[in-house]
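Results of the structural survey
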Amino acid sequence: MSNSAGQRAFQNARLQKRQKAELGPLLARALQLHKAGLLPEAKTAFRELLEVAPNQFIALHLLGALESEAKNYRQAEVLLSRAVALDPRSAEAHMSLGVALNGLKRHNEARESYRKALALRPNYALALSNLGNASAALELYQEALESYDKALAIDGRLSEAHNGRGWALCRVRAYDEAIASLNRALSIKPDYASALSTRAVALRELQRFDEAMADCNRAIALAPDDANGWLWRASILLLTRQVAEALSDCEKALAADPGFSQAHSLLGQCLAALGRVDEALASFDRALDIEPDQSTISSKIFTLDFMADASVAQHQQARHVWWEQIGAKIASAAAGPHENGRDPDRRLVLGYVSSDFHTHSAAFIFKPVLQHHDRAQFEIVCYACSPRTDATTREFQGIADRWRDASQWSDDRLAAQIRADGVDILIDLSGHTSGNRLGVFARKPAPVQAHGWGHGTGTGLPTIDYLFSDPVAIPAAVRHLFAETIVDLPCFVTLAPLPAGIARAPTPALANGFITFGVFNRISKISNEAVGVWSRILERVPGSRLLIKDTALDAQLVRDNLLARFAACRLPAERVDLLGATSRDEHLATFNRVDIGLDPFPQNGGVSTWEALQMGVPVVAKLGHSLPSRAAGSILTALGLPEWVADSDEAYVEIAISCAANCPDRSGLPPPATQSHTCKRWTMPIARCGNAIATTAADLRLAYAFNSTVLNSAGRITSSSSTSSE
């Protein structure tokens, strides 16, 4: 037996020696091709080698790494798993397997592979950098930053670590620090397309759009097959209202990477901006099928506002998904009891959180709320979450007792500051709109939290106790669907008085000899149903014209698409006037060309409805079922004008035709600067606004007093639905 075994061992050794001699040239050739950068040829050579010797470690490892570079991650995983099994002591193989697993979005497994590599080679800088990448993908940004810093302590010129560090810093909103890291990466590797794309993100968030666009253009030129360059350029184009161009770049990003969830999400935003709601929602769903994401869910929630047949239940269910998939996980790790004083009669600290403390329609809505607080009862702290500042920002800074620039603060840091500031009642002014900080509200850094004004449609967060609304916007029959307790104001939409010096002209039909209907809303609010109804109105009012104004109409594609929609309803283009971007004063002055305002549906106007009324223009509105479709009805009802609110398409048409036949002469109305005191029918009286603010103040104090009595044993303040105002 021993002789036989010895003979077999001898024969196997000779066979291995012969195979090694035979494989040597094949391996040498494959390695030479790899070193020369002839990667397709190298892959072919490695495959040929593996056909002869399936367990050749070097071929398995390098071919697996090449497949990862080509984003063929499944093939890479198979090859590299075999390599690791053959040589479990190879740190390089473990590291390469981690790259493949990370590409497959199996980030925890990737981290384990990187840790095995580091156990074998503790000073393996690239493995540390890649560990940072996997941690960042899991949103473990502090762990990611620690890994990058360790990698850079070993190799300060590792551009990948500087780039990864820049991305992680972007994710925690530390944009200035991110740019510093990315500048370092680019100083080491000037043509680093990924670092250029990442720096563009940081520059975009700092509103430095020209620089961001330049970085994206360079990244695309260097790596046209990398979806990131196209994606981030699209995001900048969308922010700068170049929707058609943004849409094209999203399509190019998806051509490069069909499974890129962020590209599907941004495409949805572009489609929503163009009023293509069904397509937008389908894009968001595709993105969420690939990867659940906080901003994508919020984008879907916001876009549902434009869906004609979406019920209140559907709206609130979408918000529940955000809570289930995002908010609940954040809340479970949030800090414990609050240490605020329990005396409800002391001066309370109100914290307002918004990304819109600048010239923005939302700011026009909530500015009067802050201006009219009783300072004997309340101290105001504003948390500004956008780097954009202007004259309006300075007005808000003058209103606030304390001002916090939170534009580069992570959610954890902002929540900690709110606790440190002793905020008693924290008010969200954004809802699910862009720039929201709902992740902070999920942490419940204040004992009482509320939402209103900025979006005003509810958040779906059980950690937000109250929602400011009104009986028209949210009828009693649907209030049980909301996560928040409803607190009623006279009207849930307010508006600051118009700027001084805005002149108001007489009714234009008196000079023109024809009626001009006006729509001053975003194109995304103009539904096909509204287009059909408006076309019917113009058909019934001979010689009438339609004036539509929106910044998006500066783009020819948007103009052409909108006119085509009217043409499909038999309204010729020559009866439709389209206007694009202007200054706000010019925007308001354009109302002097309009006889009757037509409010869009299913999503109504808010600021635009108030502005028309303040300029003396009557507005016809349609009351829908969901909160976004009831805003104009809420405004008109609060002003005592329910006769301008329709409950059907037919009623909407008849009200508009009746108004056209009896178009009121507004020449006798006082100028806008004094309208608040005398024009009670068509404008927003200061007295009514003052009453709303007083009601708000009383409700805030009542909320704090009520919640102070329902502390649980842990000291956490809880919400109750028993005070719901119905």
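Attention in this report is confined to the structure presented alongside it. All values reported here derive from a predicted model rather than from experimental measurement.

**Focus on the sheet that holds strand β11 (residues 596–598)**
Strands sit in the order β10-β9-β8-β11-β12-β13 across an open sheet of 6 strands; the sheet is parallel. Two strands bound the open sheet, and with one partner strand each, they are β10 (576–579) and β13 (645–646). Sheet topology places strand β9 (residues 545–549) next to β10; 4 bridges connect them, and they run parallel. Within β10, the residue paired with Leu547 across the bridge is Asp577.

**As for the pairing of strand β4 (residues 425–428)**
Taking every second residue as pointing to the same face, both faces of β4 are buried, with Ile425 and Ile427 on one and Leu426 and Asp428 on the other. Bridge count between β4 and strand β5 (residues 448–451): 4 bridges; the pairing is parallel. Bridging from a neighbouring strand, Ile427 pairs with Ala450 of β5.

**Quick look at the packing of aromatic side chains**
A complete count under the given rule lists 9 aromatic pairs for this structure. Where Phe357 meets Phe396, the ring centres are 5.0 Å apart and the plane angle is 65°; that geometry is what we call edge-to-face. With Phe357 in the loop between β1 (348–354) and α19 (361–371) and Phe396 in helix α20 (residues 391–399), this residue pair connects regions lying 39 residues apart in the sequence. Taking 4.2 Å as the distance between ring centres and 20° as the angle between the ring planes, the aromatic pair formed by Phe520 and Phe591 counts as stacked. One end of the pair, Phe520, is in the loop between β8 (516–519) and α24 (528–540); the other, Phe591, is in the loop between α26 (584–589) and β11, with 71 residues separating them in the sequence. Relative accessible area serves as the criterion here: at 4%, Phe591 is assigned to the buried category. Aromatic ring contacts, followed pair by pair, group Phe357, Phe366, Phe396 and Trp403 into a single cluster. One residue, Lys189, lies across the ring of Tyr192, its end atom 4.3 Å from the ring centre. We note Arg584 situated over the ring of Phe364; from NZ or CZ to the ring centre the distance is 3.8 Å.

**Brief notes about unusual backbone geometry**
Following Phe601, the chain continues to Pro602 via a peptide bond in cis, the omega torsion being 10°. Even without glycine at this site, Lys105 takes up a positive phi of about 65°. Along the polypeptide, Lys105 turns up in the loop between α5 (91–103) and α6 (107–120). One non-glycine residue with positive phi stands out, namely Lys444, at about 45°. Take Lys444: it is sitting in the loop between α22 (438–442) and β5. On the basis of relative accessibility, which here comes to 5%, the residue Lys444 falls in the buried class.

**Some remarks on empty space enclosed by the protein**
Once rolled over the atoms, a probe with the size of a water molecule shows which space is left empty. All chains considered together, the criterion is met by 5 cavities of 30 Å³ or more. Of the voids in this model, the largest cavity is the one considered here, and its volume is about 90 Å³. As for the largest cavity, its lining consists of 14 residues, and the residues nearest its centre are Gly518, Phe520, Gly597, Ser608 and Ala612. Among the elements that make up the lining of the largest cavity, the one with the highest residue count is helix α27 (residues 607–614) (3 residues).

**Points about the sheet that holds β1**
Reading across the sheet, the 7 strands line up as β3-β2-β1-β4-β5-β6-β7 and stay open at both edges, with parallel pairing between neighbours. Two strands close off the open sheet at either side, each with one partner strand: β3 (402–405) and β7 (485–488). Within this sheet the neighbouring strands show an average axis-to-axis angle of 25°, counted without direction. Relative to strand β2 (residues 378–384), β1 runs parallel, the two sharing 7 bridges. Bridge pairing in β2 places Val349 opposite Glu379.

**Re helix α17 (residues 294–304)**
The complete set of buried residues in α17 reads Thr296, Ile297, Ser298, Ser299, Ile301, Thr303 and Leu304. Lining the buried residues of α17 we find α15 (261–273), α16 (277–290) and α18 (312–332).

**Remarks on the pattern of salt bridges**
This structure, assessed with the given rule, holds 32 salt bridges. Of the charged contacts in the structure, one is a salt bridge between Glu279 and Arg276, with a shortest N-O distance of 2.9 Å. Assessed through its relative accessible area of 32%, Arg276 is described here as partly exposed. Arg584 is paired through a salt bridge with Glu611; the nearest N and O atoms lie 2.8 Å apart. Residue Arg584 is located in helix α26, and its partner Glu611 is located in helix α27; the two are separated by 27 residues in the primary sequence. For Arg584, a relative accessible area of 22% gives the class partly exposed. What makes Glu611 buried here is its relative accessible area of 4%. Taken together, the shared-partner salt bridges in this structure form one network comprising Glu379, Arg402, Arg404 and Asp421.

Basis of the calculations
- Residues numbered from 1 in each chain as written.
- Predicted model: local features only at pLDDT ≥ 70, side-chain atom pairs only at ≥ 80, totals over all residues.
- Heavy atoms only, no water.
- Pairing = 2+ DSSP bridges.
- Helix = DSSP H or I, 4+ residues; strand = E, 2+ residues; numbered from the N terminus.
- Buried < 20%, exposed > 50% of the residue type's maximum accessible area, 1.4 Å probe, protein only.
- Phe/Tyr/Trp six-rings, centres within 6.5 Å; stacked < 30°, edge-to-face > 60°.
- Lys NZ or Arg CZ within 6 Å of the ring centre and 35° of its normal.
- 1 Å grid on protein atoms, 1.4 Å probe; cavity = no way out; pocket = protein on both sides within 12 Å on 5 of 7 lines; lining within 4 Å.
- Points joined across faces, edges and corners; volume = space filled by probe spheres on them.
- Axes fitted to C-alpha atoms, helices over the stretch in contact; angles between N-to-C directions.
- Contact = heavy atoms within 4.5 Å.
- Salt bridge = Lys/Arg side-chain N within 4 Å of Asp/Glu carboxyl O.

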